Amino acid sequence: MTQNLQQQSNLSPDEALKRKSRYLRGTILESLADSITGSATSDDIKLLKFHGTYQQDDRDLRVERMRQKLEPAYSFMVRIRMPGGICTADQWLQLDEIAQKYANNSLRITTRQTFQYHGVIKRYLKSTIAGINKAALSTIAACGDVNRNVVCHNNPYLSTCHEEVYDWAKRLSNRFLPQTGAYPEIWLDKEKISADSSIKEEPLYGETYLPRKFKIGIALPPSNDIDVFAQDLGLIAINDGNHLIGFNVSVGGGMGMTHNVPETYPRLASVIGFCTLDQIFEVAEHIIRIQRDFGNRSDRQQARLKYTIDSRGIDWFKEELNQRLGWKLESPRPYHFESNNDPFGWVQDFKGNWHLSLCLLSGRIKDTPEQPLMTGLREIAKIHQGDFRLTTNQNLTIANIPPAEKKNIEALVEKYHLPMPEKISRVRQDAMSCVALPTCGLAMAESERMLPDFLNKLEAILARIGLQNDPITVRVTGCPNGCGRPYISEIALVGKSLGRYNLYLGAEFAGQRLNKLYKESLTEDEIIETLTPIFKHYAQDRNKGEYFGNFVVRMGYVEEVKEGKDFNKKDIELKAVKTA
Ligand code: SRM
Ligand code: SF4
């Protein structure tokens, strides 16, 4: 492996941990067996991520438990790897049962079209992960410094191209899976393969895996539902009208940044060329290898592919890729994106089957007195002959419903008050939020829990101004890590501290331009006050068909951000003046 020598002298502690972990075994078995505490050791907590689980604690209870001199209320978030976001009705029932038995009676659809469980205590962690595997799914590589869940456009049945895109998502996901025997040993009681680090368990990743997480997504124009430019490796499917013929390849997308650290920024992926279907494995593998060999292993804040590319230049990256391939990517083929949102409601495909897309706010599936969503979907799964599809906007399609089954599904949708689009405002349909409090250890502010009320206020204003039917994308996150892809939303609230958010405006409607910081540290009410006159201005002076994000840039509310490095331009200039 041609490791980047310059960085080897100053490796981050995570690199040493990975190396000594014997391919992710660490002392996880011992941590699981320790019944004195609900926690794993700090090293095992990090290694567990590669196995698809994060240790968390209930932040609502932190202070009280500290007062009572109790350890924090530890539990685990468990994330499933489900490329392309499809599960069968039978798998749904099994996953639902796990939620009731071992987690907090809820399933959470993520922004990478899979499920997460929350609140799994250590004693149930193995049963949860084993149960997921019993349902023919897995959690390996759902998290960690490897290629993660491969996402793709959500409607596989609407044409043959959709089916093909899903097939590629699965194949790419399988191709880049970690090979360690640690996972089956720890969770599935499989016989130990080897604890001897001289045996190559990871031909692609090696002992230290990747410097950081790596994400692949496939978009099928004109839909950019997966936000292809937020992926480390984005593939834009190109077809000849009937079938896929290849992909435009984009590299170096990512959202994460840290407040007041201008060297960190979101970046949209750069389109570097086109390759045919038979070339895609080779291209993807070399891109992963370049990141493995050149990614920053001393500073995790600078370790994503976006920084590897920006620190050396996109031309260097292309040259390195061409050299490794021994041939050049073709020029990118034309493509056109229209939006990064989901369509909702009923649609019939070319085979005659029906699909129903429901809008689930923040992807949270649980029963409430007003809406027994979890029960309703369970009842549907019991009779459904097709499958379920999760979207990267945290929504759900009950897919592939044979015509004769449609009226039975409709009856259950009605009975359990499932969220049909006609009952949901346009701004709510397109809104998204990350999990944040009380489980996320990095949250600085509420997100999922504040979204419904915030949308109530927003809906009232939009209706008063007459914009209630206009598509305006709003995304909220509890911190700047960007799990809800806020920086490609026309309006974004990014948590700064409890009850306060930075307000970003001006992304392009289909996720093709970053937004820009407009005002800092606002309360929810201040945000509504700030937005109201801008909405009024938009309602009066927009051009025909002009999206809100484009309007605020044209009117100079925010500057246009042309590339990631410009995102913090003012902060960087200020910092330079201060240090001069
Ligand atoms: Fe994320 C960390 C939740 C999609 C960027 N993300 C976290 C953790 C695990 C917090 C932690 O490290 O302790 C959050 C767990 C919260 C909880 O209680 O469940 C978390 N991320 C999520 C999910 C569940 C948000 C959601 O509401 O759906 C999404 C799970 C996706 C999945 O199924 O794999 C999720 N995270 C994303 C995305 C969006 C995407 O991939 O399309 C991003 C931005 C894209 C990107 O990667 O740049 C994202 N998450 C991050 C980052 C910042 C990474 C960076 O490069 O700076 C962190 C923090 C970190 O890695 O250090 C993070
Ligand atoms: Fe947690 Fe921040 Fe991600 Fe929200 S954006 S889930 S607060 S890490």
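Procedures and definitions
- Per chain, residue numbering runs from 1 following the sequence as it is written.
- Chain letters start at A and ligand numbers start at 1, both assigned in the order the entries are written.
- Local features in this predicted model are restricted to residues of pLDDT 70 or higher, and side-chain atom pairs are both shown and tallied only at a pLDDT of 80 or more, whereas totals for entire chains, interfaces and linings draw on every residue.
- For side-chain calculations, the full set of non-hydrogen atoms in the structure is used, while hydrogens and water are omitted.
- UniProt positions are given in the numbering used here, feature names are shortened, and annotations may be inferred rather than shown by experiment.
- Only strands that DSSP links by at least two bridges are regarded as paired with each other.
- A run of H or I in DSSP becomes a helix once it reaches four residues, and a run of E becomes a strand once it reaches two; helices and strands are each numbered from the N terminus.
- It suffices for a single heavy atom of a residue to lie within 4 Å of a molecule or strand for the residue to be listed as near it.
- Charged residues are taken to be Asp, Glu, Lys and Arg, nonpolar residues to be Ala, Val, Leu, Ile, Met, Phe, Trp, Tyr, Cys and Pro, and polar residues to be all remaining types, Gly included.
- Domain boundaries shown here were taken from an automatic or database domain assignment.
- Should any heavy atoms of two residues lie within 4.5 Å, those residues are counted as being in contact.
- Simply put, the buried area is the total loss of 1.4 Å probe accessible area from both parts when two parts are fitted together.
- The salt bridge definition used is simple: a Lys or Arg side-chain nitrogen within 4 Å of an Asp or Glu carboxyl oxygen.
- Throughout this description, a polar contact denotes any pair of N or O atoms lying within 3.5 Å of each other; where both atoms belong to protein, one of them has to be capable of donating a hydrogen while the other can accept it, and for residues adjacent in sequence the pair is counted only when both atoms sit in side chains.
- Each axis is a line fitted through C-alpha atoms, taken for helices only over the stretch in contact, and angles between the N-to-C directions span 0 to 180 degrees.
- Comment on the angle field: the value is read as roughly parallel under 35 degrees, roughly antiparallel over 145, roughly perpendicular from 65 to 115, and oblique elsewhere.
- Residues enter a nonpolar core if they are buried and are Ala, Val, Leu, Ile, Met, Phe, Trp, Tyr or Cys, with the set joined through side-chain atoms within 4.5 Å.
- Only protein chains enter the area calculation, which uses a 1.4 Å probe; residues under 20% of their type maximum are buried, those over 50% are exposed, and those in between are partly exposed.
- A helix is expected to span 1.5 Å multiplied by its residue count minus one.
- Any Phe, Tyr or Trp ring, taking Trp's six-membered ring, that has another such ring centre within 6.5 Å forms a pair; planes under 30 degrees apart are called stacked, those over 60 apart edge-to-face, and the others tilted.
- Two conditions define a charge sitting above a ring: the NZ of Lys or the CZ of Arg must be within 6 Å of the ring centre, and it must be within 35 degrees of the ring normal.

- The name given to the protein in an unreviewed UniProt entry is Sulfite reductase [NADPH] hemoprotein beta-component, with the source organism recorded as Candidatus Nitrosacidococcus tergens.
- Under Sequence similarities (unreviewed entry), UniProt gives the following word-for-word description of the protein: "Belongs to the nitrite and sulfite reductase 4Fe-4S domain family."
- Under the heading Subunit (unreviewed entry), UniProt records this for the protein: "Alpha(8)-beta(8). The alpha component is a flavoprotein, the beta component is a hemoprotein."

**Considering the sheet that holds strand β9 (residues 244–251)**
Part 1 of the reasoning: What the five strands build is an open sheet, ordered β6-β7-β8-β9-β10; its pairing is mixed. Edge positions in the sheet fall to β6 (151–152) and β10 (270–276), since each of these pairs with one other strand and no more.
Part 2 of the reasoning: Bridge analysis of β6 against strand β7 (residues 216–219) gives two bridges, and the strand direction is parallel. The residue of β7 that forms the bridge with C152 is I218.

**Some details on the site of ligand 2**
Part 1 of the reasoning: All residues in the neighbourhood of ligand 2 are listed as C434, V435, A436, C440, L442, A443, T477, G478, C479, N481, G482 and C483.
Part 2 of the reasoning: For the shell around ligand 2, the residue count by class is eight nonpolar, four polar and no charged.

**Comments concerning the domain arrangement of the protein**
Part 1 of the reasoning: According to the domain assignment, the protein consists of domain 1 (149–190 + 202–340), domain 2 (345–423) and domain 3 (428–579).
Part 2 of the reasoning: Distance between the C-alpha centres of domain 1 and domain 3: 27 Å.
Part 3 of the reasoning: Taken together, the 26 residues of domain 1 in the interface contact 29 residues of domain 3.
Part 4 of the reasoning: When domain 1 packs against domain 3, close to 2100 Å² is buried across both sides, 58% of that on carbon and sulfur atoms.
Part 5 of the reasoning: Interface area lost by domain 1 to domain 3 is led by M255, H259 and P262, which between them contribute 30%.
Part 6 of the reasoning: Between the two partners, domain 1 and domain 3, sit two salt bridges.
Part 7 of the reasoning: Here R475 and D227 are joined by a salt bridge, their closest N and O atoms 3.0 Å apart.
Part 8 of the reasoning: At the boundary of domain 1 with domain 3, the tally comes to seven residue pairs in polar contact (both at pLDDT 80 or more).
Part 9 of the reasoning: For the side of domain 1 that touches domain 3, a count of residues per class yields twelve nonpolar, eight polar and six charged.

**Remarks on the packing of helix α6 (residues 89–102) against helix α7 (residues 122–134)**
Part 1 of the reasoning: Their axes nearest at 10 Å, the elements α6 and α7 cross at an angle of 170 degrees. In terms of orientation, α6 and α7 fall into the roughly antiparallel class. Where α6 abuts α7, its residues Q94, L95, I98, K101 and Y102 lie against Y124, S127, T128, G131, I132 and K134.

**Things to note about the site of ligand 1**
Part 1 of the reasoning: Around ligand 1 sit 29 residues in total, of which T110, M255, T439, C483 and R485 are the nearest.
Part 2 of the reasoning: Q116 places a side-chain nitrogen or oxygen 2.8 Å from an oxygen atom of ligand 1.
Part 3 of the reasoning: Between an oxygen atom of ligand 1 and a main-chain N or O atom of V435, the distance comes to 3.2 Å.
Part 4 of the reasoning: Secondary structure elements with two or more residues in the shell around ligand 1: β1 (53–57), β2 (74–79) and β5 (115–120).
Part 5 of the reasoning: Tallied by class, the residues present in the shell around ligand 1 amount to eight nonpolar, 13 polar and eight charged.
Part 6 of the reasoning: Of the residues that make up the shell around ligand 1, three or more belong to each of domain 1 (149–190 + 202–340) and domain 3 (428–579).

**Some thoughts on the nonpolar core**
Part 1 of the reasoning: Counting residues in each nonpolar core, the largest one holds 99 residues, and the members touching the most others are F115, Y117, I218, V249, I287 and I365.
Part 2 of the reasoning: Ranked by residues supplied to this core, first place goes to helix α10 (residues 280–294) with eight residues.
Part 3 of the reasoning: If sequence neighbours within four positions are ignored, Y117 has contacts with F76, M77, V78, I80, L95, I98, A99, A103, S106, L107, T128 and I132.
Part 4 of the reasoning: Among the nonpolar cores identified, the runner-up in size contains 32 residues, and M450, I465, F535 and V552 belong to it.

**A word on helix α12 (residues 314–325)**
One turn of an α-helix holds 3.6 residues; hence residues three or four places apart share an orientation.
Part 1 of the reasoning: Between its first and last C-alpha, α12 extends 16 Å over twelve residues, near the 16 Å set by a 1.5 Å rise per residue.
Part 2 of the reasoning: Every buried residue of α12 is listed here: F317, E320, L321, N322 and L325.
Part 3 of the reasoning: Check the buried side of α12 and you find it contacts β9, β10, α10 and α11 (305–312).
Part 4 of the reasoning: Residue G326 follows α12 closely and has a positive phi angle near 80 degrees.

**Quick look at the packing of aromatic side chains**
Part 1 of the reasoning: Within this structure, the stated rule accounts for 21 aromatic pairs.
Part 2 of the reasoning: Each ring, one from F535 and one from F548, has its centre 5.3 Å from the other, and the planes form 50 degrees; the classification is tilted. Remark: F548 occurs in helix α18 (residues 548–554) and F535 occurs in helix α17 (residues 524–541); sequence separation between them is 13 residues.
Part 3 of the reasoning: Using a relative accessible area of 1% as the deciding quantity, one classes F535 as buried.
Part 4 of the reasoning: For F548, a relative accessible area of 0% gives the class buried.
Part 5 of the reasoning: Here R171 stacks its cationic end above the ring of W168, 4.2 Å away from the centre of that ring.
Part 6 of the reasoning: We note K406 situated over the ring of W346; from NZ or CZ to the ring centre the distance is 4.7 Å.

**Examining the UniProt feature "binding site: siroheme" (unreviewed entry) in the protein**
Part 1 of the reasoning: The UniProt record marks C483 with the feature "binding site: siroheme" (unreviewed entry), using the residue numbering of this structure.
Part 2 of the reasoning: Relative to the assigned elements, C483 resides in the loop between β17 (474–477) and β18 (491–497).
Part 3 of the reasoning: Not counting residues within four places of it along the chain, the set of residues in contact with C483 comprises T111, C434 and T477.

**Quick word on the pairing of strand β15 (residues 396–401)**
Part 1 of the reasoning: For β15, the buried fraction is high: six of the six residues fall into the buried class.
Part 2 of the reasoning: Pairing geometry for strand β12 (residues 354–358) and β15, over four bridges, is antiparallel. Each bridged residue has a counterpart across the sheet, and for S357 the counterpart in β15 is T397.

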